[in-house]
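A closer look at the structure
Chain by chain, the residues run as shown.
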Amino acid sequence: MTDRILIVDFGSQVTQLIARRVREAGVYCEIAPCTRVDAAFVASFAPRAIILSGGPASVTEADTPRADPAIFAAGVPVLGICYGQQTMVEQLGGRVEAGHSREFGRATVEVTAPCALFDGVWAPGRRETVWMSHGDRVTALPAGFRAVAVSEGAPFAAIADDARRFYGLQFHPEVVHTPHGAALLRTFTHAVAGCGGDWTMAAFRSQAIVRIRERVGEGRVVCGLSGGVDSSVTAVLLHEAIGERLTCIFVDTGLLRHGEADEVVTLFRGHYNIPLVHVDASQRFLTALDGVDDPERKRKIIGATFIDVFDEEAHRAGGADFLAQGTLYPDVIESVSFHGGPSVTIKSHHNVGGLPERMKLALVEPLRELFKDEVRALGRELGMPDRLLRRHPFPGPGLAVRILGPVSRDKADLLRKADAIFLQEIDLAGLYDAIWQAFAVLLPVRTVGVMGDARTYDAVVALRAVTSTDGMTADSYPFDHSFLARVAARIVNEVRGLGRVVYDVTSKPPGTIEWE
C-alpha cells in the first residue's frame, strides 16, 4: 500500500501548498477539514504521519477548532504549522498567548539546537529566512518538548519532541518565501515518518485504472469533453480502462477558443479512435444568454443548458450508467471549508456538487485527487501530445465570462480573433510555457479612434497574462512594451470592430485571474 500523509486543515489559505510540497517529494497525501478528523477517520486513513495546517483562528478563544486527541494518540509523527503548532502545544499542556509581537512576512530564525526535523537541512547556529504570519505565539512548552529555533517575535519558532516525533513550526515551510521549507517537509515525510517517496504518475495510472474498472464494472460511461487538459486526460484514462464502453460528448457552445472544435474532433476521433459525439449547440446557448450580463447568471444558464444538451445526446447515444468529469483536487478542497460546510463563494465551480436528480447517472471522477500539474504529468504518462497538455487553463463557461456584459455571436467572434492573435504572438516569442494563463477580455465600452481619415467608434479589448505556480496567487507577466505594441497593432488592424487594446497588470489577490 502507498504511504499516505494526512493533512488536517484548520482553514489556512495555503493548506493546498502543504499537499503540493508533500506530493512533490513523492508521497501521497490528502487534506481533510479538522471537524471531520476523529478517531475513526484516523484509523481508516492509516497515515504514516499527520500535518496540522495553519488557520485564521486563535487558540486563546474557547470556540475555535482543535485537533482530535486521536491524532496525538495514533503513534505516528505529527507536524504542526502555525495554528497547528499552537493548538498542539495548548492541547498537550503548554501555553499560547495573544497580544505579543506579531510577525507577518519574511523573518529570520536562529537555529539553536539540532533535531530530527532539521537533519541535513539546518545546523545549530545558522540564521535562516522563513515566512511568518501570526499574532499569537507559544509562551510555554508541554512536557517533552524543547525549543530548536527562535525568532525576534517567537521564542519557540520551532519546537521538537523527538521521542514522540512531534514537531511544531511557527513559520510556514510550505510557501516559496521559506527557501528551505520544502526540504524540511521532505525530511519530515522521509526521515522522520519513513515514507519511501514512491508515489509516481505511473503508480497513480495503474491504481486509477483498477479503481475505474471496479467502480464501472460492465457499465457504460459518457464523458463531457471540453477540449481542455482535464477532460481530455480524463477521457484518455477512461478509454484505457474500459475501451469502447466510453462515449465522449463534445458540446460546441459557441463560446470556445479559435479552432477548438476542429482540434478536439481530429484528436479524439482520428488519433485515439474514441467514440465521440460532436453537437453544435451554439445557437441554443447564445439564445439562452441573450441580454444576460451578470456573471453568476451566465454560469448558471450555461451549466443548466449544458446538462440539457448533454442529457439529450447521452440518451441519443444509447444511454449510460456513469458520467465522467474532470474534477480536480483544488475544486474539491475549495468547495468545503474547515468548518465542513460551504466555503465563501468567489466563483461557482462548474463541476462540483453533483448532478440534477433527473440525470440518473453515477459520477466517475478519476482525477479528483490530482492538482493541475499532476494532471499534465499523468497526460505525459499516457503519451498524450505535448501541445494539448501545455494548453493554458480555460474557464468552464468559456468566452461568456470573458465578454463583460451581454453575450452575442458577434462579440464572441471578435474576442476569439483577438485572443488567437495574442496567444499566437506569445507562442512566437517563446513565452507560452513561462505564462500560467493568457487571454483577451472584451470590455463593455467603446472608444473613439482614427483609421485613415475616418473616425471610428469601436470596442476595447483587455489582454491578461499571469505567472503562477498553482493559480491561487498570480502576478501579471512583465511583457516588453514593444511586444504589447506589436500585439495591439495586429489586433486593431486585423480585427474589424476593435479600436483599442489595454493590458491588465493586477495581481491575484486583490484581483482574480479571470475578470468574471
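Before reading further, recall that the structure is shown in the block above.
Being a predicted model, the structure only gives us computed values, none of them experimental.

Let us look at the side chain of D230. Here D230 lies in helix α7 (residues 229-242). If we skip the residues at most four places from it in the chain, D230 touches G326, L328, L367, K372 and V375.

With that out of the way, let us pick up the packing of aromatic side chains. Overall, the coordinates contain 13 aromatic pairs when judged by the stated rule. The interplanar angle of 45° and the centroid separation of 5.7 Å between the aromatic rings of W122 and F171 together place this pair among those described as tilted. Of this pair, W122 sits in the loop between β6 (103-111) and β7 (127-134) while F171 sits in the loop between β11 (166-169) and α5 (181-192), placing them 49 residues apart in sequence. Each member of the pair, W122 as well as F171, carries the same accessibility label: buried. What links up through ring pairs into an aromatic cluster is the set F422, Y477, F479, F483 and Y503. Lying across the ring of F439, R402 places its NZ or CZ 4.0 Å from the centre.

Here strand β3 (residues 49-52) shows two buried faces, one formed by A49 and I51 and the other by I50 and L52. Where β3 meets strand β4 (residues 78-81), 3 bridges bridge the pair, whose relative direction is parallel. Bridged to I51 within β4 is L79.

It is worth spelling out the packing of helix α14 (residues 409-428) against helix α15 (residues 481-494) at this point. One way to put it is that α14 packs onto α15 with a least axis distance of 10 Å and a crossing angle of 145°. In the packing of α14 onto α15, the handedness of the crossing is right-handed. Taking contact as the criterion, the partners of A418, I421, F422, Q424, E425 and I426 in α14 are, on α15, F483, R486, V487, R490, I491 and E494. Here the contact of α14 with α15 is built from residues that sort into 7 nonpolar, 1 polar and 4 charged.

For the rest of this paragraph, the subject is the nonpolar core. In this structure, L255, F422, I426, I435, F479, I491 and L498 are the most contacted members of the largest nonpolar core, which totals 47 residues. Secondary-structure elements contributing two or more residues to this core are β13 (246-252), α9 (282-289), α10 (295-316), α14, β17 (437-451), β18 (454-467) and α15. I435 has contacts with H392, I426, A465, V466, Y477 and F479, leaving out every residue within four places of it along the chain. With 43 residues, the next largest nonpolar core counts V236, C248, A324 and L370 among its residues.

Attention now moves to α14. With 20 residues, α14 extends 28 Å from end C-alpha to end C-alpha; this agrees with the ideal 28 Å at 1.5 Å per step. Taken together, the buried positions of α14 are occupied by A412, L414, L415, R416, A418, D419, I421, F422, L423, E425 and I426. Among the residues trailing α14, G430 stands out with phi positive, at a value near 75°.

About the cut-offs
- Chains are numbered independently. Their residues run from 1 in the order of the written sequence.
- For a predicted model such as this one, the threshold for reporting local features is a pLDDT of at least 70, and the threshold for listing and counting side-chain atom pairs is 80 or more; totals across whole chains, interfaces and linings nevertheless cover every residue.
- Each side-chain value is worked out from all heavy atoms of the structure, with water and hydrogens disregarded.
- Put simply, DSSP marks the helices as runs of H or I at least four residues long and the strands as runs of E at least two long, and each gets a number from the N terminus on.
- Should any heavy atoms of two residues lie within 4.5 Å, those residues are considered in contact.
- In summary, the pairing rule links any two rings of Phe, Tyr or Trp, Trp by its six-membered ring, whose centres are within 6.5 Å, and it sorts them by plane angle into stacked for under 30 degrees, edge-to-face for over 60 and tilted for everything else.
- Burial status follows relative accessibility: with a 1.4 Å probe on protein chains alone, a residue under 20% of its type maximum counts as buried, one over 50% as exposed, and anything between as partly exposed.
- Consider the ring centre and the ring normal. A charge sits over the ring if Lys NZ or Arg CZ is within 6 Å of that centre and within 35 degrees of that normal.
- Strands are labelled as partners when DSSP assigns at least two bridges between them.
- Inter-axis angles, ranging from 0 to 180 degrees, are taken between N-to-C directions of lines fitted to C-alpha atoms, where helices are fitted over the stretch in contact.
- Two helices cross in a left-handed way if the nearer one is turned anticlockwise from the farther one by less than a right angle. They cross in a right-handed way if the turn is clockwise.
- Charged means Asp, Glu, Lys or Arg here, nonpolar means Ala, Val, Leu, Ile, Met, Phe, Trp, Tyr, Cys or Pro, and polar covers whatever is left, Gly included.
- Only buried residues count toward a nonpolar core, which is a set of Ala, Val, Leu, Ile, Met, Phe, Trp, Tyr and Cys residues joined through side-chain atoms within 4.5 Å.
- What a helix should span is 1.5 Å times the count of its residues minus one.

Honestly, it's all geometry; don't read function into it.
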